[in-house]
Amino acid sequence: VWVVLESAGMESCLGVAAIQRCVQAGSWDGLLGETEMAELTAAESGPASSTGDATALLYATQMLACILADELPRGKFAFKRCPELSRSHPQVDAAHKLLAAL
């Protein structure tokens with residue numbers, strides 16, 4: 001995920017380094033918090049920053065973090081907040097299907 005965010009030029013504004021540290025440490029609650037902060041940062045940046053692979057992968061990561069942190073309702077709300085164009089992204093779709101199955 002962070003490779004795509006970095007290549008999209010969104011590393012600094014989305015806190016990719018912090019997200020990566022949480023994944024490496026297995027800090028799922030921290031990962032959830034970091035992805036939520038990244039979502040807010042992207043929203044503050046305007047509509048142009050809420051499209052494309054980077055945004056889709058951010059939401060997919062957030063939904064998976066919700067599963068790992070046992071916060072299923074938060075994951076379902078993350079999907080509802082996900083931009084319509086990003087919902088068809090394969091990673092978002094897979095994360096959503098996993099959430100729906102739990």
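Our structure is the block above this text.
Describe the packing of aromatic side chains, naming the residues involved and giving the relevant values.
One pass over the full model with this rule turns up zero aromatic pairs. Lying over the aromatic face of F79, R87 brings its terminal NZ or CZ to 4.8 Å of the ring centre.

Break down a nonpolar patch on the surface for me, citing the residues and quoting the values.
On the surface, L64, L98 and L102 cluster together into a nonpolar patch covering about 250 Å² of accessible area. Looking at the secondary structure, you find L64 in helix α5 (residues 53-68). Taking the relative accessible area as the measure of exposure, L64 reaches 38% and is therefore partly exposed.

Break down unusual backbone geometry for me, citing the residues and quoting the values.
Note on backbone geometry: most residues besides glycine have negative phi, and most peptide bonds are trans. Even without a glycine there, the phi angle at D70 is positive, about 60°. Mapping D70 onto the fold places it in the loop between α5 and α6 (72-81).

Run through the pattern of salt bridges, naming residues and quoting values.
A pair can form between side chains of opposite charge whenever their charged atoms are brought close. In this structure the tally under the stated criterion is four salt bridges. Note that R74 and E36 form a salt bridge whose closest N and O atoms lie 2.7 Å from each other. A residue pair is termed long-range when its members are at least 10 positions apart, and R74 in helix α6 and E36 in helix α4 (residues 28-44) qualify at 38 residues. Residue R74 is classed as partly exposed on the basis of its relative accessible area of 33%. In this structure E36 comes out as partly exposed when scored by relative accessible area, which is 22%. Among the ionic pairs, E39 bridges to R81, the shortest N-O distance being 2.7 Å. Residue E39 is located in helix α4, and its partner R81 is located in helix α6; the two are separated by 42 residues in the primary sequence. By relative accessible area, E39 is classed as buried at 12%.

Conventions used here
Residues numbered from 1 in each chain as written. Predicted model: local features only at pLDDT ≥ 70, side-chain atom pairs only at ≥ 80, totals over all residues. Heavy atoms only, no water. Phe/Tyr/Trp six-rings, centres within 6.5 Å; stacked < 30°, edge-to-face > 60°. Lys NZ or Arg CZ within 6 Å of the ring centre and 35° of its normal. Patch = residues over 30% accessible without salt bridge, like charges linked within 9 Å, V, L, I, M, F, W, Y side chains within 5 Å. Areas by Shrake-Rupley, 256 points an atom, 1.4 Å probe, with all protein chains shown as cover. Salt bridge = Lys/Arg side-chain N within 4 Å of Asp/Glu carboxyl O. Helix = DSSP H or I, 4+ residues; strand = E, 2+ residues; numbered from the N terminus. Buried < 20%, exposed > 50% of the residue type's maximum accessible area, 1.4 Å probe, protein only.

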